[in-house]
Each structure stands twice: as structure tokens, then as C-alpha cells.
Amino acid sequence: MRSGSDSAPVPRNRRPRRPNVHLPASRLLAVRREVAGALVSVAGLATSPVRDLDGNEVGRLDDVVVRWDSGYSPVTGLIVRVGQRRTWLHVADVARIDQREVRLTSTRFDLKDVTRREGELQLLGDVIDHQLVDVHGVRVVRASDLYLTRVGDRLRLVGVDVSLVSLMRRIMPGHWGRRPSPRHVLDWSGIQPFGVPGESVKLRRSHDALRRMRPADLADLLEDLGRAERRELLDSLEPDTAADALEEMSAAELNDLLRDAPVTRAAYLIASMEADEAVEALREMPRDERHDVLRAMDADRRVELGALLAYDEETAGGFMTSELVRLNDECTVQDAIDALNARTRNVEETSGIVVVDADGRLVDDGDVVDQLLGVAAETRLKELVGPPWPVTVPPHADLAAIVESMTDNRGSSVLVVDDENRPVGRILADDVVDALVRAGDRRWPWQRRAGGTA
Amino acid sequence: MTAPGTGAPVAAPTTGKARSRRRSMFLAMAAVAGPGLIAGLSDDDPAGITTYSLLGAQYGYRMLWVLGVSTVALILFQDLGARIGVVTGQGLAGLIRQRYGARAGVLSIGALVLANVGTTTAEFAGIAAGGEIFHISRYISVPVAAFLVSALVLRGGFRGVERVLLALSAVFIAYIAAGILARPDWGAAAHGLFVPTMPTTRDAIIITTATLGTTLAPWGLAFIQSYAVDKRLTPRELPFLRIDVVTGAILTGVIGFFVVIACAATLNPRGLQINDAADAAVALEPLAGRLAATLFAGGLIGAALLAASILPLSTAYAVCDIAGRPAGLDDAPREAPLFYRTFAFVTLTGVVLVLLPGVSLVPVLVGTQVLNAVLLLPLLVFMSGISRDRRLMGKYAARPAVAAVYLVVVALICVCILALGYFSLT
């Protein structure tokens with residue numbers, strides 16, 4: 001989409017800015033007119049006359065159908081209202097589409113009934129005025145207008161107008177309301193549209209860029225979408241991508257989303273999340289639903305999350321993750337490396353291994369990089385342990401105590417141990433940062449955690 | 001308000017199961033409560049209190065049934081609005097645009113914005129009038145109120161706003177007290193509530209339409225839907241939300257009832273004329289005692305504050321929704337500029353119109369009432385259309401019988417507006 005002022009490729013930052021176009025006003029207007037002349041406004045096509053080769057009116061345009069794939073979607077056909085009947089007209093029968101009328105190639109053609117096919121979008125019915133995801137700008141938009149233009153030998157959908165000006169234009173009567181007014185146009189290839197809720201035909205595929213998106217951005221998008229669109233987007237994501245995005249959502253949003261999903265799907269998503277985030281999500285649910293979700297998980301995960309749920313959410317027990325790489329001090333370095341490799345879930349942060357004695361009591365908390373690299377594989381871990389001894393906190397320690405021991409420790413994490421000095425979990429620096437941010441967000445004294453549900 | 005289960009073990013021993021179930025029901029209810037109560041009670045704003053005062057002062061207990069009908073309509077449509085919001089996750093403005101096209105959306109929301117600016121002006125005028133009863137200059141009361149309201153919304157975040165608004169709505173108890181202090185004739189009140197009589201005069205039709213229009217305010221309908229969306233309620237919580245909505249609507253009706261009987265018991269028998277709610281408060285003093293008058297005026301200020309915080313909010317939700325821009329109390333001003341700009345615009349316009357010397361508010365307020373009543377029709381038609389749309393509502397789509405009830409209310413309002421038009425022209 002190379003049009004006017006606003007359609008330069010949008011940078012991948014949060015809010016696309018208008019690029020500085022140093023053109024005199026008259027020249028800018030000329031460029032805009034020229035571009036507008038090459039574009040066909042889809043909104044302006046509604047109820048346009050459809051004429052055959054001889055210029056006789058056959059019917060009125062009802063909708064424009066495109067096949068959605070990445071890139072610029074080709075027009076596959078038109079839906080034309082002939083009398084009371086909605087009929088399908090293949091694009092091959094169309095000679096020309098301009099803002100005033102649609103001309104057909106002959107005087108005889110097939111009119112078939114309209115059927116929805118997979119991957120097809122009806123632009124006036126499904127896309128204009130509906131929510132769309134702008135994957136480059138990372139935001140949810142509503143389409144004020146869509147623009148078609150001829151690319152090569154095919155008519156393709158190239159741009160989405162999201163400006164208020166174009167929305168206002170459409171309320172004007174007659175030709176004023178139909179003229180393309182490209183103001184703030186997004187490249188169609190960077191748009192994720194949605195299928196039709198309630199119809200069996202779905203788009204299914206999601207935009208490639210969505211999979212590469214930062215989880216926090218994806219979470220923002222999910223929060224801004226309507227319920228049906230949100231569900232469709234979430235379903236189209238891979239479980240890991242989805243779980244990462246969910247971890248970034250506010251408690252209330254996440255609660256809404258998970259409780260909206262079928263129990264098995266919710267259980268699967270929660271189980272894919274990090275333990276501490278999963279527990280936070282579970283805490284938000286009413287007891288009955290929490291039970292159902294836990295029951296739908298595999299046994300290990302259920303026991304682990306159930307144990308974490310027993311702690312108060314404002315204490316070390318509530319912040320920690322219980323995923324630890326725990327090894328007896330008789331084990332060798334090779335065993336430690338094997339254990340790290342064998343971790344089933346992708347636990348991104350911990351490079352730490354917890355060394356315990358025969359009774360399961362904490363001996364040392366070692367860092368893989370510092371202490372295991374360059375050491376002979378058969379060395380036993382008890383030969384490697386030594387001061388400085390790890391700083392720990394009890395499960396009931398509050399945020400202030402955790403922060404204090406973490407600053408003393410200067411480490412990236414702190415271990416949580418029970419009364420018997422047995423390690424039960426680990427609090428990572430990022431969880432502490434999250435908790436501090438939430439505490440700082442607190443807008444009213446009575447709020448425990450702002451942003452979410454009190 | 002805290003979501004249930006603060007640290008309770010999942011596999012807790014289930015002794016006293018029934019009690020814990022009741023407790024969890026209560027917590028679930030408490031977490032959902034808000035939209036219905038706030039949106040309902042804010043309909044008892046100064047314009048509403050004025051209308052109800054007039055209804056009582058002019059017609060005594062006779063036309064209480066109009067309030068009953070309005071309350072039923074309020075229950076139906078607030079419930080519908082909340083349900084549409086929860087099921088679709090979208091605000092009313094965006095849905096109208098999506099379902100009925102840009103023209104319908106922009107025109108109806110444009111009218112809504114205009115009406116909301118007018119109504120906000122009416123709220124600040126109510127604060128000014130209420131303050132003056134307590135000998136506070138409007139040049140102090142109005143800016144202070146505007147500041148408080150904006151600070152609450154900008155600073156409060158979603159939960160903070162909700163709590164303060166709920167606490168604020170407690171002022172409506174003042175009206176119940178004022179109504180009882182006026183020593184009404186309960187028998188006549190019951191008769192007026194359940195036995196409809198309709199004087200066919202122009203004034204009676206105006207007051208009937210005004211009562212319907214002020215109880216079932218367009219901004220309230222738009223607000224409850226946006227609020228349910230912003231609050232992130234799920235379809236699972238619909239039963240609780242319905243309790244919240246019905247409670248809010250009935251309370252709204254009950255408060256209106258006490259305002260009407262307070263005026264019916266005191267002003268009507270003596271044939272006293274009033275122009276607005278502040279007049280009613282002043283007129284009440286010699287008849288029902290100083291306490292009743294003070295409660296009435298205090299309630300007026302509280303009601304105006306509640307509505308003055310909701311109106312700019314409701315407008316901002318609607319404008320962002322139709323424009324497809326981010327909107328939400330949990331978004332920072334930088335993330336949602338249009339949201340906060342609309343909020344500021346509506347609040348400031350209201351304040352300026354009230355404080356500007358030499359500006360007569362009467363045409364603004366009358367025009368707003370008319371616009372609100374007329375706007376109600378397309379909005380209710382759109383809402384009932386959306387409620388039947390399976391594509392949007394899925395399994396929550398309204399059944400034909402329910403949809404027919406919606407249409408009856410629409411027809412009733414239509415008749416009122418037509419009658420009003422007829423009487424105005426002849």
C-alpha cells in the first residue's frame with residue numbers, strides 16, 4: 001500500500017506514528033487524489049449497480065468476497081442481490097469494478113447460491129466495522145473502509161482505512177459518501193481478520209507475525225478484543241505462545257478468558273503456564289471451577305499446583321515456583337547436567353541446582369555456569385559446595401523480607417525452605433519485580449493488588 | 001470485593017459444606033455486583049429527582065404506576081445491556097456500528113454524546129442548586145465537584161471508582177428517609193401504583209414521557225454495557241449479574257417512589273408549584289421539617305455527583321468504542337488518549353455551561369430531555385435487534401417471546417413520543 005502520507009511500512013513499535021512527509025500541501029493533495037483514484041472503496045461499493053455488457057442493470061452489489069491468506073487477499077467473487085435473492089458471481093465474470101458500478105464480461109452468466117467457503121471473507125459483512133488486529137502496530141482497530149486495487153491481473157484487497165475521517169465520510173449521502181478517502185491506511189498484509197462466530201467456517205490460520213509477537217503485546221491484543229474474536233485468536237495460537245501471553249495478562253482479564261474456555265482447554269493452558277502464574281490464575285477462580293480445572297490436569301501438575309495454592313498469595317509461598325532441580329549431594333556433575341536436560345517443561349530462568357543432603361535438607365544452591373562448567377563430570381556435588389551459603393526465606397515471609405534477603409544475596413533468585421530447612425521453591429527476581437510493580441500501582445490504601453481484582 | 005479463595009487450600013476438609021457454599025456464593029455475588037447498582041441508581045440524578053418531584057407535586061399519588069412501568073422497562077433493558085456486554089465483550093456503540101453500519105452508529109452515538117454533554121450540564125446544575133441550599137456558592141461547589149469526579153476516575157482505577165460510586169449511591173437512603181418523614185398516605189400510594197389512571201392532558205403526557213425517559217436513560221443503557229465489558233465479567237456470572245441489575249433497578253424505582261410520595265404528601269395538597277428538585281427541597285422544609293428538606297438536598301448533591309462521574313465515563317466509552325480506539329479505566333492516558341480527552345471535554349463543557357454568567361440553562365436542559373427521549377427509541381430498537389442476533393449472541397440470543405416483550409416497551413415509548421409530538425403541534 002503506497003498511498004499518500006500514512007502508509008509507509010509501519011515500524012514494529014507499539015503505536016505507529018505518522019511519518020514526516022515533506023511535501024507542499026498542494027502536492028500532497030495531488031498525491032492523495034492520484035492514489036485515491038487508483039483505489040476502490042469497498043464501503044462505497046455497497047448497493048452499487050451491477051450491469052451486464054450492454055449496460056443493463058442485473059442487480060445490486062451486496063458484498064465482495066476475498067480469499068484470506070497472508071499478503072494481499074485476491075477478490076474471488078461478488079455477492080449480488082438480484083431481486084430478493086442473494087447470488088454468487090465469480091470474479092472471472094467481472095470486467096471492471098469502479099466506484100460507480102460493476103461491469104460484467106457478458107450478458108449471460110451463472111448465478112449460484114451463496115455458500116461460505118473456508119478461508120473466505122465477505123468484506124462488507126465480516127470485515128468493515130468489525131474488530132481487526134493490526135499485527136505491526138500491535139493494536140485492535142475497526143475498519144472504517146477497505147481499499148481494493150488491481151495488482152498484476154487480479155483485483156486485490158490492499159489496505160484498511162482506520163481513520164475517523166473515513167468513518168465520518170460514510171455517513172454522507174450519495175457520491176460524497178462513496179469516494180475513497182485514504183487518510184490513515186494500514187497495509188492489509190499486516191492485518192489479522194476474524195472468521196464469523198457461529199459459522200462452521202473459520203479462518204483457523206493465524207498471522208505469522210502473531211507467533212513472533214512479544215507475549216506482553218499479544219496479551220494486550222487479547223484484552224482489547226471482543227469475546228468471540230478473543231476466543232478465535234487464542235484458539236489459533238500454539239499452546240506455548242498462548243500460555244506465555246496469558247502469563248502477561250492482568251488477573252481479571254485472565255480470569256475472564258480462562259473461565260470462558262472449556263474446562264479441558266483452560267486446564268491445559270494453566271498447566272502450560274509457569275507454576276506461580278498458574279497458581280495466581282487459579283486463585284482468581286471460584287472454588288468449584290478451580291476444582292474442575294485441577295481435576296482436568298495430569299496428576300503431577302495437580303499435586304504441585306494444589307500445594308502452592310495452600311500458601312497465602314502475599315507471602316513467599318505465594319510468589320515462588322516449586323519447579324526445582326533438586327539433587328542429592330552424593331550425585332555427580334554429570335547427574336546434574338542430565339537432570340537439567342531432562343526437565344520436561346521449559347523453565348526458562350533457572351540455571352540453578354539445589355543440592356540437598358540425604359534427609360532432603362538444603363546444603364547449597366549452585367549456579368550451573370559458575371560451578372559446573374569446566375568441572376570433571378564425575379566430580380561429586382558435595383565436593384563443590386561451600387560458602388557463601390545460600391540465603392533463604394521461610395514460606396510465610398512477606399514481600400519486604402524477600403526483597404531484603406534478595407538484595408543481601410545479590411542473586412537472581414532466593415530459595416524458599418520449610419521449617420526443616422527443606423527447599424520447597426524458588427522466588428525469581430522477575431516475580432519480585434512484578435510484585436513490587438503491583439504494590440507501586442496500588443492506587444488506594446485498601447487495595448492489595450492494583451490492576452487486578454483488588 | 002476480593003475474588004474468592006485467598007490462600008485457602010484446595011482440598012480443604014468439607015465440614016460445613018453448606019456454609020462454605022453460601023460464603024462462596026456471597027463472594028461471587030460481591031465480585032459481580034456493581035454495574036446494575038451503579039447504572040440503575042445513577043438514573044435517579046437531579047433530572048430524575050426533578051421529574052419525580054413534579055410527578056408527585058402535580059398529580060399526587062395518582063400516576064405512581066408510570067414509575068412502576070418505567071422500573072419494569074429499566075429491569076428489562078439494563079439486563080439486556082449487561083447481557084450483551086458480557087456475551088459479546090463489546091460496547092454498545094461498537095456493536096451498533098458492526099451490526100447496523102457506520103451511518104446508524106455514528107448518528108446515534110453522535111446524538112448520545114450531545115445528549116450526554118447536556119445531561120452532564122444538568123448534573124452540575126444540580127450540584128450548584130443543591131450547594132446553594134446549603135449556602136455554598138456555585139463557583140466553589142461546581143469546580144470542586146468536577147475536580148473530585150475527575151480525580152476519582154483518573155486516579156482511582158477500575159476498582160477504586162467502583163467502590164466510591166457504590167458508597168456514593170448510599171446517599172439515596174436520604175430520599176427514603178425524606179419520604180417517610182413527609183408522612184404519606186400509604187393506601188393512596190398503593191392504589192396509585194397498581195391502578196393506572198391517565199389524565200389526557202398535554203402536561204400528563206409530558207410527565208409520563210419524561211418519567212420513562214429519565215428512568216430509562218440512554219446513557220445508562222450504554223454505560224451498563226461498557227461497564228460489564230470493562231469489568232471482564234464472564235457468561236458464567238450472568239445469573240449473579242442479573243441479581244445485581246434487578247436489585248439496582250428496583251432500588252431506583254423505590255427511591256423514585258419515595259421522592260414522588262414525599263412531594264405528593266406535602267406539595268400536592270397545597271397546590272404548590274415547583275420547577276426543579278432544589279425547589280422541592282426548599283418547599284419541603286416548612287411542610288415536612290428541616291431534616292426532610294436537608295436530606296432531600298443532600299441526596300440531590302450525592303445523586304448529581306454519582307451521575308456526573310458516570311456520564312463523562314459513559315461518553316468516553318462510547319466514543320472510543322465507535323472509533324475503534326482503546327478504552328478502559330485500567331489504560332493509562334497515554335495508551336487511550338481519545339478516552340481521556342472525551343472525558344475531559346464532557347466534564348469541562350458541563351462546568352463551563354453552568355458557571356458562565358448570562359447563559360440560560362433552561363433551553364439546554366429541555367433540549368437534552370427531548371433528545372434523550374427521542375434517542376431512546378433507536379437505541380432500544382438496536383439493542384433488541386442485537387439481542388436476537390445469533391451471530392453475535394450465540395446461545396444467549398433472545399427467544400421470540402422475550403424479544404416480543406422488548407418490542408412492547410419500544411412501542412410504549414413510541415406511543416408516548418408520538419402523543420407528545422401531537423400535543424406539541426396542536
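Residues numbered from 1 in each chain as written. Chains lettered and ligands numbered in written order. Predicted model: local features only at pLDDT ≥ 70, side-chain atom pairs only at ≥ 80, totals over all residues.

What to know about the sheet that holds strand β18 (residues 362–367) of chain A
Residue and element names in this part refer to chain A. Applicable threshold: By definition, two strands form a pair when at least two bridges between them are found by DSSP. Numbering of helices and strands runs from the N terminus, with a helix taken as a DSSP run of H or I at least four residues long and a strand as a DSSP run of E at least two residues long. Lines are fitted to the C-alpha atoms to define the axes, a helix being fitted only along its stretch in contact, and any angle between axes, read from their N-to-C directions, falls within 0 to 180 degrees.
An order of β16-β17-β18 is seen for the three strands of this open sheet, with the pairing classed as mixed. Here the strands that pair on one side only, and so sit at the sheet edges, are β16 (326–328) and β18. Taking each pair of neighbouring strands and ignoring which way they run, the sheet shows an average axis angle of 30 degrees. With three bridges connecting them, β16 and strand β17 (residues 352–356) associate as parallel partners. Each residue of the ladder has a partner; that of R326, found in β17, is V354.

Describing the sheet that holds strand β15 (residues 191–192) of chain A
Residues and elements named next belong to chain A. With antiparallel pairing, three strands are arranged side by side in an open sheet as β11-β10-β15. Edge positions in the open sheet fall to β11 (139–142) and β15, since each of these has one partner strand only. As paired elements, strand β10 (residues 131–134) and β11 share four bridges and run antiparallel to each other. Note that in β11 the partner of L132 across the bridge is V141.

Notes on the pairing of strand β13 (residues 154–161) of chain A
All names here are of chain A. Here is the rule we go by: Counting other C-beta atoms within 10 Å of a residue's C-beta gives its exposure: the residue is buried at 20 or more, exposed at 12 or fewer, and partly exposed in between, where C-beta atoms are placed from the backbone.
Of all the eight residues making up β13, six are buried; the element is thus mostly covered by neighbouring parts of the structure. Where strand β4 (residues 73–82) lies against β13, two bridges are found, and the strand directions are antiparallel. Looking at the pairing, P74 lines up with R156 of β13. Bridge count between strand β12 (residues 145–151) and β13: seven bridges; the pairing is antiparallel. Along β13, the bridge assignment pairs L148 with L157. Where β12 folds back onto β13 in an antiparallel hairpin, the turn is made up of two residues, including G152, whose phi is positive at roughly 65 degrees. Here β13 runs beside strand β14 (residues 185–187); their pairing, made up of three bridges, is antiparallel. The residue bridging D161 from the neighbouring strand is V185, located in β14.

Re the domain arrangement of chain A
Rules: What fixes the domain bounds is an automatic or database domain assignment.
Looking at chain A, the domain boundaries give domain 1 (42–192), domain 2 (212–310) and domain 3 (326–439). The centre of domain 2 of chain A, based on its C-alpha atoms, is set 27 Å off from the matching centre of domain 3 of chain A.

A few points about the nonpolar core
Here is the rule we go by: Linking buried Ala, Val, Leu, Ile, Met, Phe, Trp, Tyr and Cys residues through C-beta atoms within 7 Å yields a set, and such a set is a nonpolar core. For every residue pair, C-beta atoms are placed from the backbone, and the pair is scored as a contact if these atoms sit within 7 Å.
One finds B:A178, B:V260, B:I261, B:A280, B:F296 and B:L300 to be the most contacted residues of the largest nonpolar core, which totals 143 residues. The element contributing the most residues to this core is helix α13 (residues 290–323) of chain B, with 23 residues. Filtering out sequence-adjacent residues up to four positions away, B:L300 remains in contact with B:P46, B:I49, B:G126, B:G130, B:A277, B:A278 and B:A281. Among the nonpolar cores identified, the runner-up in size contains 77 residues, and A:L104, A:L121, A:V140 and A:V158 belong to it.

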